[in-house]
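What follows is the residue order along each chain.
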Amino acid sequence: MTTSPESEHPIKAYGYAARDTSGLLSPLTFSRRATGEKDVRFKVLYCGICHSDLHVVKNEWGFTKYPITPGHEIVGVVTEVGSKVEKFKIGDKVGVGCLVGSCRSCQGCVTDYEQYCPKNVATYGTPSYDGTQTYGGYSDHMVADEHFVLRWPENLPLDAGAPLLCAGITTYSPLRYFGLDKPGTKVGVVGLGGLGHVAVKMAKAFGAEVTVFSTTPAKEKEAIEGLKADHFINSKDEHQMQAARGTLDGIIDTVSGNHPIAPLLNALTPHGKLVLVGLPEKPLDVSAFSLIMGRKTLAGSSIGGLKETQEMLDFAAKHGITADIEIIPIDYVNTAMERLVKSDVRYRFVIDVANSIKAEKHPIKAYGYAARDTSGLLSPLTFSRRATGEKDVRFKVLYCGICHSDLHVVKNEWGFTKYPITPGHEIVGVVTEVGSKVENFKIGDKVGVGCLVGSCRSCQSCASDYEQYCDKQVQTYGFTNFDGTQTYGGYSDHMVSDEHFVLRWPENLPLDSGAPLLCAGITTYSPLKYFGLDKPGTKVGVVGLGGLGHVAVKMAKAFGAEVTVFSTSPAKEKEAIEGLKADHFVNSKDELQMQAARGTLDGIIDTVSANHPIAPLLNALTPHGKLVLVGAPEKPLEVAAFSLIMGRKLVAGSNIGGIKETQEMLDFAAKHGITADIELIPIDYVNTAMERLLKSDVRYRFVIDVANSIKAE
Ligand SMILES: [Zn+2]
Ligand SMILES: [Zn+2]
Ligand SMILES: [Zn+2]
Ligand SMILES: [Zn+2]
């Protein structure tokens, strides 16, 4: 699919969606259709959390398409009606339950049983007639054909009434259909959860004598005192089950856990009806004998038609029936889902949507490539960026390098990725807009943004131009910005950043092959400077010859150092010496070569992030030598204190550089003709590039030709 949830329709919508089988819900901007002739658009006020929502967000029924926004117990207030809408006007209170469409012509539809129409459209997670996905009520607003919109009765509470749209009709409809709605009828209700507790109230309102079956004896008090049931049976107690034999005209079984039904059939009178509304996974064990002897019926029932749902709401209003609810803000929804799994709710969660949902603040549409889950596969995403603030520079992205970090983050290998994520922190572009107080840039300027787009600007690190060590730094992608929204990187059409974090692009520095300097360049330049390895004649080692390493060699050579490359691939010797002008090459797997290198180097920049021994590297240092790590191996390093003490050597780490130093590095690179060796790719090659990067199959950096290959929809 090339369109995104946000771009397929003209009206922006905002909700909570699950992205993968974890079922975790997070904010999603998507879109809803314009109001059609027969459509009613309404602001969502409340939405109940149905047990189905839980199954679907985790794809337990196998047909979930992500992202999915659940919710089919939706109550709201009408904000717009189509020209041919007859029953509703702006300001009306309305509800939408489990259905938003059906064929309107089949036998089911013409007899008001839309729930059994083979072409019906569920309120969320099914394709609508226009081919787009439906999104449920965990969202700011809904739009539906008026046929599927219910008039909300005057005196029915909006919050506690919401669950009736699924739980209410699911129990009301079978009570009616199977004739269990007559005063004095003896009705059993199995299970006392979201459905069961409403079933008891419905049956009582019809005048039935109600028996609750539960495996939890502790629920007896609630059943009898709270819900006014007449009898309570512990269904695990054989004596009690025995005593109930042949006493009930009908039973509504709401339990979806596997459970025996033979004892329930036994509890029926002759002609009794056992109606299943829960969905146990395993096939039922039914003996024909138990049905034949007493002409008993075993049946199932699913929700109800629209006409009957309206009738049910009016009935509930008349009899004061609501669900027992716990009202929650929308950002509590993941906790609510966890509690629902443990049946830890009396009896239904209802989301106070209107008072707790926050629409995304950003007004400017942006377009990029994003990973949606740990597969790390990137696909087009429409998102948004903030308007240009006083100190902001907005620029069109021309090129963006693919850093090895991008690969780790899209797959959530460091554990903090929030999806969707748009990577990229080696970004070069051209300014399209500047805020009123921007001093250093004007429209048309070539600029760069590296790994940072924000920092506190006041701590010790910030005050001394080391923003990279600020505790409150905001990285260019996948970080929470100061306004609470997520940052999106340079695999996108444009960027916006405070001018402090924007770099002036030197005249004669190529835009494409210069881009990787914004991460790989500063990561190697900064430690060479800081650790005094920038003096002519200094003997510098560079470990690893990849994206970082090859730039480290060029930087060190430009400082006038004598450079030794360490690599485990002897095949790289030619590239190191001839291509990158390194002075020496050491195969770090060759003990003789390593032995020969002992005590020869003033400093080493170690760019390798795979686990590798560092003792031999410490041995290669002269006294006072410095081993600086810029790669981050997963395992702790093995360092013998002895190897540091004898020679006063040090092991240090270094991470990118401050903004001032990054500017200095770019100017230095321009002056010395330093760029990365790159392979330029179109943005739709990015997944293949990531695969190749994983195998180190690139000399040495992929750079995305963003402006020439990204296609906004
Ligand atoms: Zn439901
Ligand atoms: Zn139909
Ligand atoms: Zn990087
Ligand atoms: Zn700071």
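Predicted, not measured: the structure shown is a model, and the values here were computed from it.

K.L.:
What's the story with the overall build of the protein in this structure? I'm lost.
P.N.:
Helix and strand counts for the protein stand at 24 helices and 34 strands. Principal axes of the C-alpha set define a box for the protein whose edges measure 100 × 60 × 45 Å. The long-range share in the protein, meaning contacts at least 24 apart out of those at least 6 apart in sequence, stands at 65%. Of the roughly 30300 Å² that the protein leaves accessible, carbon and sulfur atoms contribute 53%.

K.L.:
What should I look at first to understand the sheet that holds strand S11 (residues 209-214) in this one?
P.N.:
In a beta sheet, neighbouring strands pair by backbone hydrogen bonds and run either parallel or antiparallel. With respect to topology, six strands assemble into an open sheet ordered S12-S11-S10-S13-S14-S15, the strand pairing being parallel. Strands with a single pairing partner mark the edges of an open sheet, and in this sheet they are strand S12 (231-234) and strand S15 (297-300). Each adjacent strand pair in this sheet contributes to an overall mean axis angle of 20°, direction not counted. Bridge count for strand S10 (residues 186-190) against strand S13 (residues 248-253) is four bridges, and the pairing is parallel. Considered in S13, the bridge of Gly 188 is made with Ile 251.

K.L.:
Just to check I follow, could you spell out the pattern of salt bridges for this structure?
P.N.:
Pairs can form between side chains of opposite charge whenever their charged atoms are close. Enumeration according to the criterion identifies 34 salt bridges in this entry. Its salt-bridge partner being Lys 554, residue Asp 677 comes within 2.5 Å of it at the nearest N-O pair. Of this pair, Asp 677 sits in the loop between helix H22 (659-672) and strand S33 (678-681) while Lys 554 sits in helix H17 (residues 547-558), and the two are 123 residues apart along the sequence. Its relative accessible area of 18% is what places Lys 554 among the buried residues. When salt bridges that share partners are traced, they join Arg 176, Asp 181, Lys 182 and Glu 311 into one network.

K.L.:
Explanation requested: the coordination of the zinc ion (ligand 4) in the structure shown.
P.N.:
When a metal holds four donors in a tetrahedron, each ideal angle between them is 109.5 degrees; when it holds six in an octahedron, the ideal angles are 90 or 180 degrees. Each protein donor to the zinc ion (ligand 4) is listed here as Cys 456 (SG), Cys 459 (SG), Cys 462 (SG) and Cys 470 (SG); together their distances run 2.2 to 2.4 Å. Around the zinc ion (ligand 4) sit four donor atoms, and with donor-metal-donor angles ranging over 101 to 117° the site reads as tetrahedral. Sequence positions of the residues that donate to the zinc ion (ligand 4) give the spacing C-x2-C-x2-C-x7-C. Since its relative accessible area comes to 8%, Cys 462 is described here as buried.

K.L.:
Just to check I follow, could you spell out the environment of Asp 352 for this structure?
P.N.:
In this structure, Asp 352 sits in strand S17 (residues 348-352). On the accessibility criterion, Asp 352 (18% relative accessible area) is buried. Considering only alpha carbons, one finds Asp 352 and Ile 327, 25 residues apart in sequence, at a separation of 6.3 Å. For Asp 352, the residues in contact, after removing those within four places along its chain, are Leu 45, Tyr 46, Ile 327 and Ile 328.

K.L.:
I would appreciate a short explanation of the sheet that holds strand S32 (residues 650-653) in the present structure.
P.N.:
The parallel open sheet is built from six strands, whose spatial order is S29-S28-S27-S30-S31-S32. This sheet does not close on itself; its edge strands, each paired only once, are strand S29 (584-587) and S32. Each neighbouring strand pair of the sheet contributes to a mean axis angle of 20°, computed without reference to strand direction. In terms of strand pairing, strand S27 (residues 539-543) meets strand S28 (residues 562-567) through five bridges, oriented parallel. Bridge assignment links Val 540 to a residue of S28, and that residue is Val 563.

K.L.:
Sorry if this is basic, but what is going on with the environment of Glu 86 here?
P.N.:
Assignment of secondary structure puts Glu 86 in the loop between strand S4 (74-81) and strand S5 (93-96). With a relative accessible area of 68%, Glu 86 lands in the exposed category. Taking the C-alpha atoms as reference points, Glu 86 and Gly 424, 338 residues apart in sequence, are found 51 Å from one another. Residue contacts for Glu 86: discarding those within four places in its chain leaves Lys 38 and Glu 146.

K.L.:
Whenever I open this one, the packing of aromatic side chains confuses me. Can you help?
P.N.:
How two aromatic rings sit relative to each other is set out by the distance from centre to centre and by the angle between their planes. Overall, the coordinates contain 16 aromatic pairs when judged by the stated rule. On the numbers, 6.5 Å between centres and 45° between planes, the contact of Tyr 466 with Tyr 469 is tilted. Pairwise contacts between aromatic rings join Tyr 172, Phe 206 and Phe 315 into one cluster.

K.L.:
Can you help me understand the coordination of the zinc ion (ligand 2) in this one?
P.N.:
In the first shell of the zinc ion (ligand 2), the protein supplies Cys 103 (SG), Cys 106 (SG), Cys 109 (SG) and Cys 117 (SG), at 2.2 to 2.4 Å from the metal. In this structure, the zinc ion (ligand 2) is surrounded by four donor atoms whose angles at the metal cover 101 to 114°, and the resulting shape is tetrahedral. Ordering the donors of the zinc ion (ligand 2) by residue number gives the pattern C-x2-C-x2-C-x7-C. Taken individually, Cys 109 and Cys 117 each receive the classification buried, so the pair is uniform in this respect.

K.L.:
Explain helix H10 (residues 306-319) to me, please; I cannot follow it from the model alone.
P.N.:
The periodicity of an α-helix, 3.6 residues per turn, causes residues three or four positions apart to be oriented the same way. Here H10 is 14 residues long and its end C-alpha atoms lie 20 Å apart, about the 20 Å a rise of 1.5 Å per residue gives. Taken residue by residue, H10 has Leu 306, Glu 308, Thr 309, Gln 310, Met 312, Leu 313, Phe 315, Ala 316 and Ala 317 as its buried positions. Directly beyond the C-terminal end of H10, a positive phi value near 65° is found at Gly 320.

K.L.:
Would you mind showing me how to read the packing of helix H16 (residues 520-530) against H17 here?
P.N.:
In a pair of packed helices, the angle between the axes and the distance between the axes together describe the arrangement. Relative orientation of the contacting elements H16 and H17 amounts to 50°, with a least axis distance of 8 Å. Looking at the two axes, H16 sits oblique to H17. Crossing geometry of H16 relative to H17 is assigned as right-handed. Residues Ala 520, Gly 521, Thr 523, Thr 524, Tyr 525 and Leu 528 of H16 form the contact with H17, whose participating residues are Gly 547, Leu 548, Val 551, Ala 552, Met 555 and Ala 556. The residue inventory of the contact of H16 with H17, partitioned by class, reads eight nonpolar, four polar and no charged.

K.L.:
Can you help me understand unusual backbone geometry in this one?
P.N.:
Between Tyr 66 and the following residue, Pro 67, the backbone shows a cis peptide bond with an omega angle of -5°. Mapped onto the elements of the fold, Pro 67 is located in the loop between helix H1 (51-57) and S4. Tyr 700 follows Arg 699 through a cis peptide bond whose omega is -10°. Residue position: Tyr 700 is located in the loop between helix H23 (686-694) and strand S34 (701-704). Residue Asn 412 is not a glycine yet carries a positive backbone phi of 55°. Positive phi, close to 70°, is recorded for Arg 457, a residue that is not glycine. Within the secondary structure, Arg 457 is located in the loop between strand S23 (452-454) and helix H14 (460-463). Look at Arg 457 and you get partly exposed, because its relative accessible area is 45%.

K.L.:
Would you mind showing me how to read the UniProt feature "domain: Enoyl reductase (ER)" (unreviewed entry) in the protein here?
P.N.:
Mapped onto this structure's residue numbering, the UniProt feature "domain: Enoyl reductase (ER)" (unreviewed entry) falls at residues 23-351. Here residues 23-351 is 26% helix and 26% strand, with 17 Å between the C-alpha atoms at its ends.

K.L.:
Can you help me understand the side chain of Asp 392 in this one?
P.N.:
Along the chain, Asp 392 falls in strand S20 (residues 392-401). We classify Asp 392 as buried; its relative accessible area is 6%. A polar contact of 3.3 Å, which involves the side chain of Asp 392, links it to the backbone nitrogen of Asp 498. Once residues within four sequence positions are removed from consideration, Asp 392 is found in contact with Arg 386, Ala 387, Glu 433, Val 434, Gly 435, Val 438, Val 496, Ser 497 and Asp 498.

K.L.:
Sorry if this is basic, but what is going on with the domain arrangement of the protein here?
P.N.:
Many authors give the size of an interface as the accessible area that is lost as the parts come together. If you check the domain split of the protein, you get domain 1 (11-164 + 322-352), domain 2 (167-301), domain 3 (364-509 + 677-705) and domain 4 (518-672). One C-alpha centre belongs to domain 1, the other to domain 4, and the line joining them spans 58 Å.

Conventions adopted
Residues numbered from 1 in each chain as written. Chains lettered and ligands numbered in written order. Predicted model: local features only at pLDDT ≥ 70, side-chain atom pairs only at ≥ 80, totals over all residues. Heavy atoms only, no water. Helix = DSSP H or I, 4+ residues; strand = E, 2+ residues; numbered from the N terminus. Contact = heavy atoms within 4.5 Å. Areas by Shrake-Rupley, 256 points an atom, 1.4 Å probe, with all protein chains shown as cover. Pairing = 2+ DSSP bridges. Axes fitted to C-alpha atoms, helices over the stretch in contact; angles between N-to-C directions. Salt bridge = Lys/Arg side-chain N within 4 Å of Asp/Glu carboxyl O. Buried < 20%, exposed > 50% of the residue type's maximum accessible area, 1.4 Å probe, protein only. Donors = N, O, S within 2.8 Å, 3.2 Å for Na, K, Ca; no water. Tetrahedral: all angles 85-135°; square planar, octahedral: opposite > 155°, others 65-115°. Phe/Tyr/Trp six-rings, centres within 6.5 Å; stacked < 30°, edge-to-face > 60°. Expected span 1.5 Å × (residues − 1). Parallel < 35°, antiparallel > 145°, perpendicular 65-115°, else oblique. Left-handed = near helix turned anticlockwise from the far one by under 90°. Nonpolar A, V, L, I, M, F, W, Y, C, P; charged D, E, K, R; others polar. UniProt positions renumbered as here; feature names shortened; annotations may be inferred. Polar contact = N/O pair within 3.5 Å; in protein donor to acceptor, adjacent residues only side chain to side chain. Domains from an automatic or database assignment.

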